[in-house]
Each structure stands twice: as structure tokens, then as C-alpha cells.
Amino acid sequence: MIRAFTTLTLLLAAVAASAIEPPAHYGPVPSPRQLAWHDLEFYGFLHFTVNTFTDKEWGFGNEPEAVFNPTAFDAEQIVGAAKEAGMKGLILTCKHHDGFCLWPSKFTAHSVKNSPWKNGQGDVVKEIADACRKQDLKFGVYLSPWDRNHKDYGKPEYITYYRNQLRELLTNYGPIFEVWYDGANGGTGYYGGAGGKRRIDPRTYYDWPNTTKIVRELQPDACMFSDAGPDVRWVGNEQGTAGDPCWSTLNRDNYVPGLADARRLNCGDRPGTHWLPAECDVSIRPGWFYHAGEDARVRTPKNLMDLYFASVGRGASLLLNLPPDRRGRIHENDIQSLREFRRLREATFAKDLAQGAKATADNVRGQDQRFAAANVLDGKRDTYWSTDAAATTPEIVLDLGKPVTFNIVRLREHLPLGQRIDTFALDQWKDGQWAEFAKGTSIGNCRLVRGDVTTDKVRLRIVKAAACPAIAEIGLFAEGK
Ligand code: FUL
């Protein structure tokens, strides 16, 4: 009898537990490829072409192939510098606006194959892609839609050329994590010797939907970047700073590559029609390409740290450009700054001071352990604290057990359920009562909040949310020195 009763109780409990569904998602949600991209957070750009040797930022398109001749090209050194900096991937300018190709494309003579470098036998794309694979970095490609060298730029034939080149890059160099479409286009150029100015309509000329299909077919896991995505959006400036707020959602249909409303891209749209997170592209030097005259103008580690807070810390990613020099290596000054930047990040984030705290919430979804408050402390992004559907302004307290000093709070939402929280506040327990020390808007993938605090209890209050929260992480850190 007792056994039957126990079995029945267990059965009922199991039924009740399984009846607690995870919250329904809110608004647009990330695709699996976007989720994988969100994990990267920090990766690099390599701007390298004839400009490196002509001291220009935008080549005209008439540069002789002979100018491309790095004296000591070393892909392992370039990739090693990125790896040592803690970058998770590298995107190479396989072809910039000048049209010179860093790989021996079958479709043009304007490439490394007609340069003196390695007697025309070299392939920069292959060497960088191979070194990335060897050093466990992801590899991405930049193929400028604007081509100031090609005779057909502005005509339909050029679109065929562009797609042929994209196919080469997407089939011959292994897995690609990101394809980067630059919005700059149309203007003066060499254009096969014809010269003059060519204007295109960025809304129609490139026929992006059909190019998207090619990328999806050849590299289904690759994210495509442009002013309008479709997977990752431009942040609207080249200073490395996302807006505050910076929503990961956008009314995408209002945009095409090359026709951007920079101010809106900086902040995103809420709720937005698409999941389209922002990427902050910025160079470690004033220019995108290497100029010896800028050797003393490399960003300082402290400045890079500020950029990290203004990009990754606002839910975007940081795409930091490292320009290889005329040797074909990353310059010593850049390496020094990157090393120190890495050291500062590690000194800051290696130790989560919230570890060991006790988390309690005023509401836990269905009282189910799967949605427990403690999930915010387990270091996993796929577990989260959530509440009953009606509890959209709950609070969660971390009891640290003793006074702890920190000046950074890291928050993460569980992205597969969408960006749910509009506004939050953070309180500390002080003199026998709660005192607010910070508040903010969007959270998304990551929100870094700065504020000097010493306390034994921290509270996160959800002030406004479109749906009950799903918080994956609350971390406390002390900025490294
Ligand atoms: C811009 C280009 O015009 C720059 O040269 C650089 O490549 C930067 C990343 O994007 O639009």
C-alpha cells in the first residue's frame, strides 16, 4: 500500500515537472550559425594588399602586380599574433577595392600569380587559412563588392565575376566562418583602363539574394556580414563602439549593403523583424592598411580595453584589424599592445567573484530546478534562471557570504529565447538596505556594467521586460591592473 502510494506520488511529481515548459521565445531568435558566432566575441581583420606597398588606403585599381612583394611573409606569425591576443578567428581582405587578389584566381590576371612574391607561386589566402586551421582559429573572407580594377564593374558581367571568385574562396580554403561584404561602392577607378566614374544602385545591382544562396549552399555555417546582414550587421561606425542600447534585432528590410542608416544600425530596432547582431570593426592603427608613419600610433592596451567594453560589453562582437606590414608580418608595436590587452582581460575575467555565492529569486518558473536561480552561476550559457510567464519584473539576489569588492558585473541572456529584457537595475546591500549602483537597457549576449562596489549581497532587478526573463549568467569581476 505504502509502496503504491509512493509510486503514485513520484509519478504525479514527474508529470507535474514535465508539464513545466521552458518559456516561449520572444521576438526574433538567433539561428544556430548566429549562436555559434555569438560565442566568438573577439576576432580579427587582416587588411593586406597592394596598398601595403603603395602606402595607400584605397588603391585606384591600376597598381602593377609587381608592387606586391612582402619580404618575409609569415602566416604563422600573423595568425600567432591573433591567437596570442585571444582572438577566435581572422577575416582576410582577399580582394580589397583595388581588385588585386591575394589568391591565384582563375578569373583574373590581377593577382599574386603575376607578382614577384614567391615567383608568382604564392597564395596568401591558402597560407593564412592553413595557419588558422593549425592554430585553431576560424577563418573568414572579405571580398570587396566594389572593384576598381575590373573592366566590367557596373555591368551585369561583373556580378558573374564576383560570384565566380566567391565560389573559389568558399570551395578551396576549408570552412569559412564569416563572409564580409563591404558597403563602400561606386566611384572612380581604373576599370580595365577605361577610367572614369561608375555609379551603381546598391539596391539592385549586386542582386544579393542570389549571392546569399551561393554562400548558403557552399558554406552553410558561414555568417554573412553587411550593413543589412543577413546574419551579422555593421554597427554603423568604424570606431569600435556599439550604441547603448545595442539591440541584437533589426528591421532588416529597411537596409541594403551600402545604404545604411548608421545611427540606427548602431542601436538596432526593438523588437525588430530579424535577429541581426552588431559587429564592431575597428583598426588597431588609424588606417586599415599598414603605414610605417603610423608605427607610433598603435592603440594602447587601455584603449583596446575600453573598446572591448563598448563592443563585446554591449552585446556586439569586436572585429579588430591588424595590418600586416611590408615584410608580411604583424609589427612589433602592435604585438606588444595586443599582449598587454590580453593580459588585462585575463587579469579581469579569470576570476568570477560571484562563484560560491548563494542565488535566490523571488520567482522560479514552476518551482522547477531546471529554471533555478543557481543556474546564473554555473558558467553555462545553456542553463538559465527563468520565472513564471506573468513574473516579468522579478529579482534575483546573490548572497556572497562576505564583503566582496568588484567593479564589473557581467550579465548574459539565454539567447535562443530572444532578447527579453528592456531595462534592469543592480543594487548592493549597504547599511541595512538595498542601494542601486547601476542600471541599463539591452543585455543580449553580454552586458558589462562598470561600477565600484564593496558588498556582501548583490541584487539584479528586472525593471521592464517584454517576457519573463531567461538569465544565463551573472558574474562579478575586479578590473585587472
Ligand atoms: C570600409 C573600407 O572602405 C575600408 O577600406 C575598410 O576595408 C573597412 C573595413 O571598410 O568600408
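Residues numbered from 1 in each chain as written. Predicted model: local features only at pLDDT ≥ 70, side-chain atom pairs only at ≥ 80, totals over all residues. Heavy atoms only, no water.

A. Geometry of the site of the ligand. Around the ligand, the structure places Phe 45, His 47, Trp 58, His 96, His 97, Tyr 142, Trp 180, Asp 182, Ala 184, Glu 238, Asp 281 and Trp 288. A distance of 2.7 Å separates an oxygen atom of the ligand from a polar side-chain atom of His 47. Here the shell around the ligand is built from residues that sort into six nonpolar, three polar and three charged. (Near = heavy atom within 4 Å. Polar contact = N/O pair within 3.5 Å; in protein donor to acceptor, adjacent residues only side chain to side chain. Nonpolar A, V, L, I, M, F, W, Y, C, P; charged D, E, K, R; others polar.)

B. Here's a closer look at the packing of aromatic side chains. Taken as a whole and judged by the stated rule, the model has 30 aromatic pairs. Relative to Phe 100, the ring of Phe 68 lies with its centre 5.2 Å away and its plane at 35°, an arrangement referred to as tilted. Residue Phe 68 is located in the loop between α3 (51-54) and α4 (75-84), and its partner Phe 100 is located in the loop between β2 (89-95) and α5 (124-134); the two are separated by 32 residues in the primary sequence. The pair Phe 68 / Phe 100 is uniform in exposure class, with both members buried. Look at Tyr 162 and Trp 208: their rings are 6.2 Å apart centre to centre, the planes differ by 90°, and that puts the pair in the edge-to-face class. Residue Tyr 162 is located in helix α6 (residues 156-172), and its partner Trp 208 is located in helix α7 (residues 208-218); the two are separated by 46 residues in the primary sequence. Linked through ring pairs, Tyr 153, Tyr 158, Tyr 161, Tyr 162, Tyr 181, Tyr 191, Tyr 205, Tyr 206 and Trp 208 together constitute an aromatic cluster. A cation over a ring is seen here: Arg 345 above Tyr 308, with NZ or CZ 5.7 Å from the ring centre. (Phe/Tyr/Trp six-rings, centres within 6.5 Å; stacked < 30°, edge-to-face > 60°. Helix = DSSP H or I, 4+ residues; strand = E, 2+ residues; numbered from the N terminus. Buried < 20%, exposed > 50% of the residue type's maximum accessible area, 1.4 Å probe, protein only. Lys NZ or Arg CZ within 6 Å of the ring centre and 35° of its normal.)

C. Region of interest: the side chain of Gln 135. Mapped onto the elements of the fold, Gln 135 is located in the loop between α5 and β3 (138-143). You can call Gln 135 buried: its relative accessible area is 17%. For Gln 135, the side chain forms a polar contact with the side chain of Glu 76, separated by 2.8 Å.

D. Spatial organisation of the domain arrangement of the protein. Each domain of the protein was delimited in the assignment, giving domain 1 (32-349) and domain 2 (358-477). Summarising the inter-unit geometry, the C-alpha centres of domain 1 and domain 2 are found 36 Å apart. The interface is formed by 21 residues belonging to domain 1 together with 21 residues belonging to domain 2. Of the roughly 1800 Å² buried where domain 1 meets domain 2, counting both sides, 54% is carbon and sulfur surface. By the criterion of area lost to domain 2, the three top residues of domain 1 are Arg 270, Phe 309 and Phe 349, representing 30% of everything that side buries. The tally of links from domain 1 across to domain 2 stands at six salt bridges. Between Arg 381 and Glu 41 there is a salt bridge, with its nearest N and O atoms 3.3 Å apart. Inspection of the region where domain 1 meets domain 2 yields 13 residue pairs in polar contact (both at pLDDT 80 or more). Among the secondary structure elements, those contributing two or more residues to the side of domain 1 that touches domain 2 are α2 (32-40), α9 (301-310) and α10 (332-349). Its residues placed into classes, the side of domain 1 that touches domain 2 shows nine nonpolar, six polar and six charged. (Domains from an automatic or database assignment. Contact = heavy atoms within 4.5 Å. Buried area = accessible area lost by both parts, 1.4 Å probe. Salt bridge = Lys/Arg side-chain N within 4 Å of Asp/Glu carboxyl O.)

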